[in-house]
There are 6 protein chains.
Amino acid sequence: MNICAIYPGSFDPITNGHLDLILRGSKLFRRLIVAVAKNSIKRHFFSIVERVEMVKEAVKPYTDVEVVSFDCLLIDCVKKYKANVIIRGLRAVSDFEYELQMALVNRKQDASIETIFMMPDENHIYLSSSVVKELAQFGGAIDDMVPPCVAERLKGLFDKAAG
Amino acid sequence: MNICAIYPGSFDPITNGHLDLILRGSKLFRRLIVAVAKNSIKRHFFSIVERVEMVKEAVKPYTDVEVVSFDCLLIDCVKKYKANVIIRGLRAVSDFEYELQMALVNRKQDASIETIFMMPDENHIYLSSSVVKELAQFGGAIDDMVPPCVAERLKGLFDKAAG
Amino acid sequence: MNICAIYPGSFDPITNGHLDLILRGSKLFRRLIVAVAKNSIKRHFFSIVERVEMVKEAVKPYTDVEVVSFDCLLIDCVKKYKANVIIRGLRAVSDFEYELQMALVNRKQDASIETIFMMPDENHIYLSSSVVKELAQFGGAIDDMVPPCVAERLKGLFDKAAG
Amino acid sequence: MNICAIYPGSFDPITNGHLDLILRGSKLFRRLIVAVAKNSIKRHFFSIVERVEMVKEAVKPYTDVEVVSFDCLLIDCVKKYKANVIIRGLRAVSDFEYELQMALVNRKQDASIETIFMMPDENHIYLSSSVVKELAQFGGAIDDMVPPCVAERLKGLFDKAAG
Amino acid sequence: MNICAIYPGSFDPITNGHLDLILRGSKLFRRLIVAVAKNSIKRHFFSIVERVEMVKEAVKPYTDVEVVSFDCLLIDCVKKYKANVIIRGLRAVSDFEYELQMALVNRKQDASIETIFMMPDENHIYLSSSVVKELAQFGGAIDDMVPPCVAERLKGLFDKAAG
Amino acid sequence: MNICAIYPGSFDPITNGHLDLILRGSKLFRRLIVAVAKNSIKRHFFSIVERVEMVKEAVKPYTDVEVVSFDCLLIDCVKKYKANVIIRGLRAVSDFEYELQMALVNRKQDASIETIFMMPDENHIYLSSSVVKELAQFGGAIDDMVPPCVAERLKGLFDKAAG
């Protein structure tokens, strides 16, 4: 079966939790596309260009993983790349309800596209992009939480701000 | 990719919510095995033989769906059939926490086997095997909730009891 | 408008939390029926006769409140008494999901009957029939938790058992 | 009994989920007032005038439903219209906790006013005003989600923005 | 044992729920430090100076309670004051998930510092700083919700705004 | 301060998650008592004698930890040992609601006794006594989940049953 899966998100920035899910997803489907949402309404810490760069750098070791950006409805992005499955991570009950709602909304838009949920390693269960940014801002330890390229950028930014 | 998925459960009895998930799963993976748990500790309404019969009858229209029973750890059943993925349905927050726990436990037993979660159609979100049995017992309307073969058996049983 | 509401439950035994809800419900609807479920499957501490007696005793001060028992689907009980509304209490998230499911199931059985949810006083938010029984068994303080007639019965039973 | 109920909200914009609840509420109480919150702190997509206009247009078919706006504490609005009951919809666990908190707060302000919770049709369980706005912005299908007058306004706005 | 505990928060403004927890915490540990977060990113209603003043005024009756402010990672504040325990209040499920995440994050930063959770009196379970501010803005009754010094300041501010 | 804490439970059997909490608790309080509930109503897998034996064996390395059993209300056990604090572990939302209820109930019985909640290591977040028993029954890997003395007993029992 030629199933292609899309893993969408803001990735502001990508964390080891995201990477863990990308690896898990790439084992299940022939082709995995990481789709970075531009989302011009929500304010992001990193620009869309920077977010895509960091994801590309982080997934370099994984073959069969592509990285794209999108500035439209997720479901239109899924169709554009002829994907059949949306992958979403689930960590907490609060994630769960929002994810369920979005999966139902997407199903209404196109019933042929399925959303599946996967669980990151329990060591990443506390991880989120916002936690990482908050820690980085005050010089907290983030090396176990993000890929090296992200850790460097974050430190660079906040050192400059503090310096 | 030759991914084989297992959809385990008690199926006491199979409902239209289960069937909906079986159909969704069978579209994503080359092979889908519905695995009926014998589970001698938990008390069941239907015997393992009856539960397997009803599932087999209900999935007849779907090609590439097999039905088996198991009386061991789920993870050992998964290995026996050389499956790579466990499929579980998610409807409610209470499901979610139990399912997350079981997925982590199974990952501890064998890290190469992945659990994915899928969502039934919103019209089945209220459905569960226990609701169906409770309704059937008092002559409630269950025809939209279970496959015809299950509806018949349930009515037969309770008519006999009442008759 | 001649709306009649039903407040169903096991009432094994009735607590001050139930009473609080009965009072609140009776202010909203012309007629309020407290319906005690016989439910021969679930094991009860008090018999259906005792449970009805205690509810009747406890609601004596409230006019326009009737007490009945039922041994059928809730929805059939609602129709029998020509009620239009089912009242249920909500205290915790775990209540909430089960209640939502049952409300959807009942709506499937008869779309003209509405379920509404009400909240007991926050001083009763911890209260449940099982907590009361557990406390009573070991001589804990239950006088603020149940009507006097229930407190007496519980003490009588456990004193006899201990004596 | 002359119970008057208030159904408050932002209605930014009104969805078919809101309408479903208005219809359900209007069957239970002699008089139902839909109260649109001005709320000058929260940023709204539509102005208070537009939000009230759309609600009025949408509830036209329902007799005994009035539409008002308010710019004060909800409880003061309830008193102003001599209402006795606040109606709130419940869809998800996250709704539930916030709603419980607000119901307790309102009870502290005036113990004679009761909050009741109702459940929309399960086909609207995924629906929210923000989902509708996000879909509309990118040309997603919203015709099943909002009354015609809302769909038109949203399309008009976003076509103009895109044109 | 010379355990020193820190109770961190925004306290914008301090409520009777916070005070209840401070009193409970001060009974368990030799020394309790209330740490007011400056948090320059999040917008606050009261300045850090005002928030500290109100907390100091409110805890005056409690000996062995100190008040400090911090503008760094919580864990660095804990180390600075040689505390061993972080105290957090738990009221609702939504609190719970965020708190669990933050406790795990803090444990990653320093495994020797423990987070414990305590529960306020059930009469404060609905209380939050935002509820108080919203009520105060429209002249709602807040005297049972905050210490007198906070009630005065809030009334002063909003009277001035309205006057 | 001479605070003595009680950590109550069924411990049927004790897991590494329990042990982790015992160690964390013993660092915070001068004296920690592990209290094994006899609870003659709930059916246990191991007898009260066996459960106490296993806990005693498991906590041998920790000084200042005592092990007792009790067959009364928890609050009476707390008073008997002149403890001031009840420690409970929190892993999931479902735990949380039950624990909150029990803490409120205990506070009603004796307001001077405080319940605090602690979080086990995230590596034990999936662990429960029932999971361990289910795995052991079918020969699953449990060595990372329970102390050696428990693993041995469980294997002994199930080998005998299977042999």
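See the structure above.
Fair warning: this is a prediction, and the values are worked out from it, not measured in the lab.

### Structural notes on the arrangement of the chains
And step 1. In this structure chain A stays clear of chain C, and the shortest span between their C-alpha atoms is 11 Å.
And step 2. Over all C-alpha pairs, chain D and chain F never come within contact, reaching a minimum spacing of 11 Å.

### Some details on the interface of chain B and chain A
And step 1. With 29 residues of chain B at the interface, the matching set in chain A holds 29 residues.
And step 2. Note on chain B versus chain A: buried area summed over both sides is about 2,700 Å², and carbon and sulfur give 68% of it.
And step 3. At the boundary of chain B and chain A, one finds four salt bridges.
And step 4. With its nearest N and O atoms 3.0 Å apart, the salt bridge here joins E114 of chain B to R24 of chain A.
And step 5. One can count nine residue pairs in polar contact (both at pLDDT 80 or more) joining chain B with chain A.
And step 6. For the side of chain B that touches chain A, the secondary structure elements donating two or more residues are α1 (16–28), α4 (93–109) and β5 (114–118) of chain B.
And step 7. It is α4 of chain B that provides the largest number of residues to the side of chain B that touches chain A, a total of eight residues.
And step 8. A breakdown of the residues in the side of chain B that touches chain A according to their chemical character gives 17 nonpolar, two polar and 10 charged.

### A short note on the side chain of Q109 of chain D
And step 1. Relative to the assigned elements, Q109 of chain D resides in helix α4 (residues 93–109).
And step 2. A polar contact of 2.9 Å, which involves the side chain of Q109 of chain D, links it to the backbone oxygen of A141 of chain E.
And step 3. Once residues lying within four places of it in the same chain are set aside, the contact partners of Q109 of chain D are L73 and I75 of chain D together with L135, G140, A141 and M145 of chain E.

### Concerning the pairing of strand β4 (residues 85–89) of chain D
All names here are of chain D.
And step 1. Inspection of the sheet shows strand β1 (residues 4–9) paired to β4 by two bridges, in the parallel sense. Directly across from A5, in β4, lies its bridge partner V85.
And step 2. Here β4 pairs with strand β5 (residues 114–118) via five bridges, running parallel. Residue V85 lies in a different strand from β5, and its bridge partner there is E114.
And step 3. On the question of chirality, the crossover connecting β4 to the parallel β5 by way of α4 is right-handed.

Conventions we followed
Residues numbered from 1 in each chain as written. Chains lettered and ligands numbered in written order. Predicted model: local features only at pLDDT ≥ 70, side-chain atom pairs only at ≥ 80, totals over all residues. Heavy atoms only, no water. Contact = heavy atoms within 4.5 Å. Buried area = accessible area lost by both parts, 1.4 Å probe. Salt bridge = Lys/Arg side-chain N within 4 Å of Asp/Glu carboxyl O. Polar contact = N/O pair within 3.5 Å; in protein donor to acceptor, adjacent residues only side chain to side chain. Helix = DSSP H or I, 4+ residues; strand = E, 2+ residues; numbered from the N terminus. Nonpolar A, V, L, I, M, F, W, Y, C, P; charged D, E, K, R; others polar. Pairing = 2+ DSSP bridges. Right-handed = clockwise from strand over helix to strand, strands pointing away.

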